[in-house]
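Fold and contact review
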Amino acid sequence: MAAPSPFPDWSTPLRDGTNAAVEWLVVRHGDGFEAVSNTLLGALVVLEQALRAAPPWLVIVLAAALAFAASRSWWLALGSAAGLWLIGALGQWEPAMQTLALVGVSVALCIALGLSLGAWCANSAAVRRIVSPVMDLMQTIPSFVYLIPAAMLFGLGKVPAILATVVYAMPPLVRLADLGLREVSAEAVEAGRAFGATRWQLLMRVQAPLALPSIMQGINQTTMMALAMVVVASMIGARGVGETVLVGLQRNDPGLGLVGGLVIVVLAIVMDRVLQAWGRRLQAHRDVRS
């Protein structure tokens, strides 16, 4: 007979309460979750089909053009093109396009939600005190934990993978947007108010341009963290390069896992360099205008 525990049993009510809450959400708000699921899935399918239907050479040329437009560097443009060519040579072109679509939709959702929440935190200390521990929880809780309710609410597939990626990747953008907006000098804000700027005009024309380095750093970190989720997302049915790594693990095939890992690394390097160059260019453009 097991000895009685010296601790109270809090795990059972926490587990039962969480299960009851998720069940209540499914029963009472299932239609709303279905509408959200259809919207996200529609956006993802459109982007994924466009990337997969386009000839690989066209995607490579467009990526090189985007890299050059962001950096005005032929080396970055050629490096981006070479990286994408290597992905095709490794036989992972279609999975890479699926991953790019998933990351693109996830990062777009992170930007929309993260910048709004960061601006709200920057303008309200009370909101910041509430949001800050939530961001701590989102960053520290294991990703597998929130995959479970996401899968229960939206089923297996791409939509819960998007939402899990957003939960995991959004906190850096919220924090850095909040920090950047709060560090804008009081003199600049007062000058904007003196010219009769509304709160929205003050945010868009004064605070956001001055906070641009922090915001771009947040977008960069969010994109890298979204890429880090592709393997985890493959465990609930999201296709892409993460599935290649997962199959290599399941089959005890280290070579296949290495191929998938190299593709993720190449995508991360290309996206990181392009985003950094874009941020520097925007900052230089703002400095010239000011």
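Parameters and conventions
Residues numbered from 1 in each chain as written. Predicted model: local features only at pLDDT ≥ 70, side-chain atom pairs only at ≥ 80, totals over all residues. Heavy atoms only, no water. Patch = residues over 30% accessible without salt bridge, like charges linked within 9 Å, V, L, I, M, F, W, Y side chains within 5 Å. Areas by Shrake-Rupley, 256 points an atom, 1.4 Å probe, with all protein chains shown as cover. Salt bridge = Lys/Arg side-chain N within 4 Å of Asp/Glu carboxyl O. Helix = DSSP H or I, 4+ residues; strand = E, 2+ residues; numbered from the N terminus. Expected span 1.5 Å × (residues − 1). Buried < 20%, exposed > 50% of the residue type's maximum accessible area, 1.4 Å probe, protein only. Axes fitted to C-alpha atoms, helices over the stretch in contact; angles between N-to-C directions. Parallel < 35°, antiparallel > 145°, perpendicular 65-115°, else oblique. Left-handed = near helix turned anticlockwise from the far one by under 90°. Contact = heavy atoms within 4.5 Å. pLDDT = per-residue confidence, 0-100. Polar contact = N/O pair within 3.5 Å; in protein donor to acceptor, adjacent residues only side chain to side chain. Nonpolar A, V, L, I, M, F, W, Y, C, P; charged D, E, K, R; others polar. Disulfide = S-S within 2.5 Å.

**Some thoughts on a nonpolar patch on the surface**
- Taken together, the side chains of Trp85, Leu86, Leu90, Leu258 and Leu262 make up a nonpolar region of the molecular surface, amounting to roughly 490 Å² of accessible area.
- Counting only elements with at least two residues in the nonpolar patch, the list comes to helix H3 (74-89) and helix H14 (254-289).
- Structurally, Trp85 is set in helix H3.

**Structural notes on the environment of Pro55**
- In this fold, Pro55 is placed in the loop between helix H1 (11-53) and helix H2 (56-71).
- Taking the C-alpha atoms as reference, Pro55 lies 54 Å from Ala194; in sequence the two are 139 residues apart.

**Considerations on helix H5 (residues 125-140)**
- The terminal C-alpha atoms of H5 lie 23 Å apart, and with 16 residues this matches the ideal 22 Å at 1.5 Å per residue to within 8%.
- Regarding H5, the residues found buried are Val127, Val131, Met135 and Met138.

**Comments concerning the packing of helix H9 (residues 186-194) against helix H10 (residues 199-210)**
- The contact between H9 and H10 brings their axes to 10 Å, and the two run at 160°. Regarding the angle of H9 to H10, the classification is roughly antiparallel. Pair H9 / H10 crosses with right-handed handedness. Contacts between H9 and H10 involve Ala188, Val189, Gly192 and Arg193 from the former and Leu202, Val206, Gln207 and Leu210 from the latter.

**Side note on unusual backbone geometry**
- At Arg72, a residue that is not glycine, the phi angle is positive and equals roughly 55°.
- Phi at Asn252 is positive, roughly 55°, even though this residue is not glycine.
- In this fold, Asn252 is placed in the loop between helix H13 (241-250) and H14.
- When its relative accessible area of 68% is taken as the criterion, Asn252 is described as exposed.

**A closer look at the pattern of salt bridges**
- One pass over the structure, following the stated rule, counts seven salt bridges.
- Residue Glu48 is joined to Arg52 by a salt bridge in which the shortest nitrogen-to-oxygen separation is 3.1 Å. Of this pair, Glu48 and Arg52 both sit in helix H1, four residues apart, which is roughly one turn of the helix.
- A residue is classified by how much of its surface remains accessible, and Glu48, at 8% relative accessible area, is buried.
- Overall, Arg52 belongs to the partly exposed group, its relative accessible area being 36%.
- For Glu48, the salt bridge is made with Lys158, and the minimal N-O distance between the two is 3.4 Å. Of this pair, Glu48 sits in helix H1 while Lys158 sits in helix H7 (residues 158-169), and the two are 110 residues apart along the sequence.
- If you follow the salt bridges from partner to partner, you end up with Glu48, Arg52, Glu94 and Lys158 in one network.

**Examining the environment of Leu40**
- Relative to the assigned elements, Leu40 resides in helix H1.
- Measuring from C-alpha to C-alpha, the distance between Leu40 and Leu227 comes to 18 Å, with 187 residues separating the pair along the chain.
- Beyond its immediate stretch of four places on either side in the chain, Leu40 contacts Leu109, Val159, Ile162 and Leu163.

**Here's the deal with the confidence of the model for the protein chain**
- Overall, the predicted model of the protein chain reaches an average pLDDT of 84, with 95% of residues at or above 70.
- Here helix H6 (residues 143-154) is the element of the protein chain with the lowest mean pLDDT, 72, and H3 is the one with the highest, 92.

**Quick notes on the side chain of Thr244**
- Looking at the secondary structure, you find Thr244 in helix H13.
- Ignoring any residue separated from it by four or fewer positions in sequence, one finds Thr244 in contact with Gln92, Pro95, Leu256 and Gly260.

**With respect to the side chain of Gln92**
- Note that Gln92 resides in the loop between H3 and helix H4 (93-123).
- Looking at Gln92, its side chain comes within polar contact range of the side chain of Thr244, at 2.8 Å.
- Sequence-distant contacts of Gln92, that is, excluding residues within four places in its chain, are made with Ile87, Thr244, Val259 and Val263.

**Thoughts on the packing of helix H8 (residues 171-182) against helix H11 (residues 212-228)**
- Two elements in contact, H8 and H11, have axes separated by 8 Å at closest approach and are oriented at 175°. The angle between H8 and H11 places the two elements in the roughly antiparallel class. In contact with Pro172, Leu173, Leu176, Ala177 and Gly180 of H8, H11 contributes Ser214, Ile215, Gln217, Gly218, Ile219, Gln221, Thr222 and Met225.
- Of the residues contributing to the contact of H8 with H11, the split by class is seven nonpolar, six polar and no charged.

**A closer look at the state of the cysteines**
- Under the definition given, this model contains zero disulfides.
- Of all cysteine sulfurs in the structure, the one in Cys121 sits closest to Cys110, which takes part in no disulfide; the separation is 15 Å.
- On the accessibility criterion, Cys110 (1% relative accessible area) is buried.

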